[in-house]
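Summary of structural features
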Amino acid sequence: MKIEEVKSTNKTERVASHSHVKGLGLNDGGEADPVAAGFIGQEKAREAAGIAVDMIKTKKMAGRAILFAGAPGTGKTAIALGMAKELGPKVPFVPMVGSEVYSSEVKKVEILMENFRRAIGLRMKENKEVYEGEVIEITPEETENPMGGYGKTVAHVIIGLKTTKGTKQLKLDPSIYESIQKEKVTVGDVIYIEANSGAVKRVGRSDTYATEYDLEAEEYVPLPKGDVHKKKEVVQDVTLHDLDVANARPQGGQDIFSMMNQMSKPKKTEITEKLRMEINKVVSKYIDQGVAELVPGVLFIDEVHMLDLECFTYLNRALESTLSPIVVFATNRGMCTVKGADIVSPHGIPVDLLDRLLIIRTTPYSVEEMAQIVALRAKTEGIEVEADGLVSLSTIGERATLRYAVQLLTPADILSRTNGRTSITAGDIEEADGLFYDAKSSAKLLAEHADRYIH
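Structural notes, computed from the coordinates.

**A look at the overall build of the chain**
When you go through the chain residue by residue, the secondary structure sums to 15 helices and 19 strands. Out of the 455 residues belonging to the chain, those deemed buried represent 39%. For the chain, long-range pairs separated by at least 24 residues make up 67% of all intrachain contacts whose partners lie at least 6 apart in sequence. Total accessible area computed for the chain in this model is approximately 26600 Å², and 53% of it derives from carbon and sulfur atoms.

As C-alpha cells, then:
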C-alpha cells in the first residue's frame, strides 16, 4: 500500500554515537582516504582493518583475533563497526562488552560460548520442488462423511494454476485445502505449493487485477514465469546459536499443565556441551554433503580488560577450535593487572593470549581532525555550527576529550535556539562549557578541594 502523503510511518533511525560511520572509507587499492565513509584520520588503523575484512571475506581469518589498542576516544569501536558495515548484512557481527559475562544465573564461559556461536553463520541451500502460479479455480470435491451423520467432508480439492507458459490442474489432499483456507487464497491470487511438504504460501494478488479498485491494501505481483511445476533453490541463513536454542527447548505436551509449566520455567537455560557436539556433527555432515556453507562472522568484545583469567583461558581454547569466528578485541588500558590474578600485563590481557593477536593501534586526533569530526557529527544530528564555533569546539576537544566536545553540541544548540538563533556560535559553546565540567576539570577540582569530600 503506497500513499505518498503519509509521512508519520516512515522508519527513522535513532541518531546514536556512531550513526555517521558508513564503512571503513577505503579506495579500490585498499588505501584509506583521509575523509571518507564517516571516518576522519586513523588511516593506518583503517587500512589494517580493511586487510582483516578481506581475510574474513576469503575465509582465511577464522580462529584468529585482532586487538584495537588506543587511548579513550580514538575511534576503536567506530572502526569495528566500520568493519561490520564493510562485511555486509549476510556476515554475522556480534558486539558485546567485557562486563556482560558477569551474571548470577549463567556461567561466564557459557555467555562467551553463546556469543561465539552467534557469530558463526550457516547458509543452508535446499532445492525444493514447487507448484507456482495464479489460481484460476478452486473446486473442493465433497463426499459422504465416513463417520456417518448428515455433514459432508472434503475428499480432495481441484486447483488450477496459470503461469506465462501454460496452465495445470492439481488434485490435492484435503489437509492442503485447510492450508489454502488459512492463507485466505481466492481466485486471482499468486501462490506456491511445496511438493514434498504440501506447505502453501500466498505471494500476493496477480497484477492483472491491479485496476479492480482505486485504493486497496494489497500487494500485486506479476504472473510467474516458466512452468507451473519447477525446482527452486531456497537459501536460509541461520547461526549456530539459533540451532542450539531450537534443539535445547524442551518439547512439552499440548495439554494445559505442560503449557503452564513451560511458561513458569526461566527463559535462560544452559545449553549443554553434549548438545553442541551433536549439532557440530550434523553441521559438519551438511557441509560435507554440500547442503550448507559455513560463514565465520565477527565477535567484537569491547573493554576486553574487564574479562578475568578464567575467561582468557577459555578464549585460548575457543580460538583454536574448528568452528571459531573472527574475534576482535578493543581496550583503552596500558599496563594493568589481569582481573582475577596478580599478574601485571599489557592491556590487562595475559601474554599467552596477546601472542595470538594482531594488534592495531589507534592514535589521538589532531585539532584539525577534531574540527572535521565535530562538523560531521553536527551534520548527522542536523545542527548548524558556524566556523568560529567549530574552532572553539576543537580547542575544547584538545583540552578535554573529543567525546566531551561532541556532547556539547546539543546543549549549545538549545542555548542558541533560546537566544533566537538557528546556528551555534563560539559564544554558545563557551556558555555551555561554563555550565558543564569535563572529566579532567572535575578531577582537578576534586584534588584541589579533597578535604571537603568524604573519603
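**A word on the pairing of strand 7 (residues 167–172)**
As judged from the six bridges shared by strand 6 (residues 152–162) and strand 7, these two strands associate in the antiparallel manner. Counted as the bridge partner of K162 is T167 from strand 7. Between the antiparallel neighbours strand 6 and strand 7 lie four residues.

**Describing the nonpolar core**
One finds I301 and F329 to be the most contacted residues of the largest nonpolar core, which totals 30 residues. It is helix 8 (residues 309–319) that contributes the most residues to this core, six residues altogether. Not counting residues up to four positions away in its chain, the partners in contact with F329 are A65, I66, L67, F68, F300, I301, V304, L315 and L357. In this structure, L24, V53, V298 and V328 belong to the second largest nonpolar core, which totals 23 residues.

**Quick notes on the packing of aromatic side chains**
Inspection of the entire model under this criterion finds one aromatic pair. Between F93 and F300, the aromatic rings sit 6.3 Å apart at their centres with planes inclined by 20°, giving stacked as the arrangement. Placement of F93 in strand 4 (residues 93–97) and of F300 in strand 13 (residues 298–302) is noted, with a sequence separation of 207 residues between them.

**Some details on the packing of helix 5 (residues 240–248) against helix 7 (residues 273–289)**
For any two helices packed against each other, one specifies the crossing angle of their axes together with the interaxial distance. Packing of helix 5 against helix 7 brings their axes to within 10 Å, and their N-to-C directions diverge by 120°. Classified by the angle their axes make, helix 5 and helix 7 are oblique. Here helix 5 runs over helix 7; the crossing is right-handed. Of the residues in helix 7, those in contact with L240, L243, D244, N247 and A248 of helix 5 are L275, R276, I279, N280 and V283. Taken together, the residues that form the contact of helix 5 with helix 7 break down as six nonpolar, two polar and two charged.

**Points about the side chain of E110**
Mapped onto the secondary structure, E110 falls in helix 3 (residues 108–118). A distance of 3.1 Å separates a polar atom in the side chain of E110 from a polar atom in the side chain of R276.

**Topic: a negative patch on the surface**
A surface patch of negative charge is lined by E384, E386, D388 and E430. Structurally, E386 is set in the loop between strand 18 (384–385) and helix 11 (387–399).

**Quick look at the packing of helix 3 against helix 7**
In contact at an axis separation of 13 Å, helix 3 and helix 7 are set at 15° when each is read in the N-to-C sense. Here helix 3 lies roughly parallel to helix 7, going by the angle between them. Where helix 3 crosses over helix 7, the two elements pack in a sense that is left-handed. On helix 7, the residues touching E110, M113, E114 and R117 of helix 3 are R276, I279 and N280.

**Regarding the environment of R399**
Take R399: it is sitting in helix 11. In this structure, R399 is in contact with Y404, D433, D438, K440 and S441, ignoring residues within four places of it in sequence. Side chain to side chain, R399 and D433 meet in a polar contact 3.1 Å long. In terms of polar contacts, R399 uses its side chain to reach the side chain of D438, at 3.1 Å.

**Looking at the sheet that holds strand 14 (residues 326–331)**
If you walk across this open sheet you meet the five strands as 4-13-14-3-17, and the pairing is parallel. A single partner strand is all that each edge strand has here, and the edge strands are strand 4 and strand 17 (357–362). Direction aside, the axes of adjacent strands within the sheet are offset by 20° on average. Seen against the sheet, helix 2 (residues 76–87) touches strand 3 (65–70), strand 4, strand 13, strand 14 and strand 17 and runs at an angle of roughly 145° to strand 3.

**Examining unusual backbone geometry**
For K184, which is not glycine, the phi torsion reads 55° and is therefore positive. Mapped onto the fold, K184 is located in the loop between helix 4 (174–182) and strand 8 (189–194). In this model, H347 sits at a positive phi of 60°, which is unusual for a non-glycine residue. Within the secondary structure layout, H347 lies in the loop between strand 16 (344–346) and helix 9 (351–354).

About the cut-offs
Residues numbered from 1 in each chain as written. Predicted model: local features only at pLDDT ≥ 70, side-chain atom pairs only at ≥ 80, totals over all residues. Heavy atoms only, no water. Helix = DSSP H or I, 4+ residues; strand = E, 2+ residues; numbered from the N terminus. Buried < 20%, exposed > 50% of the residue type's maximum accessible area, 1.4 Å probe, protein only. Contact = heavy atoms within 4.5 Å. Areas by Shrake-Rupley, 256 points an atom, 1.4 Å probe, with all protein chains shown as cover. Pairing = 2+ DSSP bridges. Core = buried A, V, L, I, M, F, W, Y, C linked by side-chain atoms within 4.5 Å. Phe/Tyr/Trp six-rings, centres within 6.5 Å; stacked < 30°, edge-to-face > 60°. Axes fitted to C-alpha atoms, helices over the stretch in contact; angles between N-to-C directions. Parallel < 35°, antiparallel > 145°, perpendicular 65-115°, else oblique. Left-handed = near helix turned anticlockwise from the far one by under 90°. Nonpolar A, V, L, I, M, F, W, Y, C, P; charged D, E, K, R; others polar. Polar contact = N/O pair within 3.5 Å; in protein donor to acceptor, adjacent residues only side chain to side chain. Patch = residues over 30% accessible without salt bridge, like charges linked within 9 Å, V, L, I, M, F, W, Y side chains within 5 Å. Salt bridge = Lys/Arg side-chain N within 4 Å of Asp/Glu carboxyl O. Lys, Arg positive; Asp, Glu negative; His and termini not counted. Charge placed at Lys NZ, Arg CZ, Asp CG, Glu CD.

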